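# Observations on the model geometry
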Amino acid sequence: MSPATPNRPPDPVPATAGSEPDLTAALAELVGRYVGAEPRVVLHAEPLGRLDPAVAAAAYDIAGEAVANAVRHAGAEVCDVSVRLTGDSLVVEVSDDGAGLPQPAVTGGGTRTMQAHALDRGGRLEVLPCAGGGTVVRAVLPLPPAPRG
């Protein structure tokens, strides 16, 4: 697989043998595209278990866009990607130690796209300065209730 390029959109979340999307594996593959690139992109995730495919796809798309933005604009040394379950939500965070948000802050097409992905799933997206410099993109995506049966 060739390294990611800023103009290449992320691939869809791949299905595992059981035809369920595997978000952790997909994010590991995404991060792997940046090996040897600046900034160093690091994934912090544990297996998440079975996720709703639409939530997994939204999380992947948001992470992919946030990483691409960090690579293009941040001038960072490190970009951390984390994903975790908290209660009834999936939280995706992409943070970097780069230049931070421009002042005045500008909302570009990538940020609007990430916001749309979060809103489409009933979630929210925040783009905030990190303490000590850099930027964090945080998406909180509600998980649908488990089917009864």
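This text follows the structure it describes.
Attention in this report is confined to the structure presented alongside it.

The rules behind these values
- Along every chain, residues carry numbers that run from 1 in the direction the sequence is written.
- The predicted origin of the model limits local features to residues at a pLDDT of at least 70 and limits the giving and counting of side-chain atom pairs to 80 or more, whereas totals for whole chains, interfaces and linings rest on all residues.
- With hydrogens and water stripped out, all remaining heavy atoms of the structure feed into the side-chain values.
- Every helix listed is a DSSP run of H or I at least four residues long, and every strand listed is a run of E at least two residues long, numbered separately from the N terminus.
- Relative accessibility decides the category of a residue: with a 1.4 Å probe and only protein chains considered, values under 20% of the type maximum give buried, values over 50% give exposed, and everything between is partly exposed.
- Should DSSP find at least two bridges between two strands, the strands are regarded as paired.
- Note on definitions: salt bridges are taken to be side-chain nitrogens of Lys or Arg within 4 Å of carboxyl oxygens of Asp or Glu.
- Note on geometry: axes are lines fitted to C-alpha atoms, helical ones only across the stretch in contact, with angles between N-to-C directions running from 0 to 180 degrees.
- Any two residues whose heavy atoms approach within 4.5 Å at even a single point are treated as in contact.
- To qualify as a nonpolar core, a set must consist of buried Ala, Val, Leu, Ile, Met, Phe, Trp, Tyr and Cys residues joined through side-chain atoms within 4.5 Å.

Turning our eyes to something else, we now look at the overall build of the chain. Across its full length, the chain holds three helices and five strands. Put simply, the chain runs from its N terminus to its C terminus through helices and strands in the order α-β-α-β-β-α-β-β. Within the span of the chain, comprising 149 residues, buried residues form 39% of the whole.

Turning to the pairing of strand E4 (residues 124-129), a few remarks are in order. In regular strands, side chains alternate between the two faces of the sheet. Taken together, the six bridges between E4 and strand E5 (residues 135-142) define a ladder with antiparallel strand orientation. Of the residues in E5, the one forming a bridge with Val127 is Val137. The loop that links E4 with its antiparallel partner E5 comprises five residues; one of these, Gly132, has a positive phi angle of about 85 degrees.

Evaluation of the coordinates by the stated rule reveals five salt bridges. Residue Glu93 pairs with Arg138 through a salt bridge whose shortest N-O separation is 2.5 Å. Separated by 45 residues along the polypeptide, Glu93 in strand E3 (residues 89-96) and Arg138 in strand E5 bring together distant segments of the chain. What makes Glu93 buried here is its relative accessible area of 16%. A single network of salt bridges, built from pairs that share partners, joins Arg84, Glu93, Glu126 and Arg138.

Below, the discussion takes up the sheet that holds E4. Sheet architecture is open: five strands sit in the order E1-E2-E3-E5-E4, paired in mixed fashion. One side of each edge strand has no neighbouring strand; the edge strands of this open sheet are strand E1 (40-45) and E4. Taking the axes of each pair of neighbouring strands and ignoring which way they run, one obtains an average angle of 15 degrees across the sheet. Lying on the sheet, helix H1 (residues 23-32) is in contact with E1, strand E2 (78-86) and E3; it crosses E1 at an angle near 170 degrees. Here helix H3 (residues 109-120) sits on the sheet in contact with E4 and E5, set at roughly 140 degrees to E4.

Let us look at the nonpolar core. Within the largest apolar cluster, 34 residues are counted, with the highest numbers of intra-cluster contacts made by Leu23 and Leu90. At the level of secondary structure, the elements contributing two or more residues to this core comprise H1, helix H2 (53-74), E2, E3, H3 and E5. With twelve residues, the top contributor of residues to this core is H2. Contact partners of Leu90, with chain neighbours within four places excluded, come to Leu23, Leu48, Leu51, Val55, Ala59, Val83, Arg84, Leu85, Ala139, Val140, Leu141 and Leu143.

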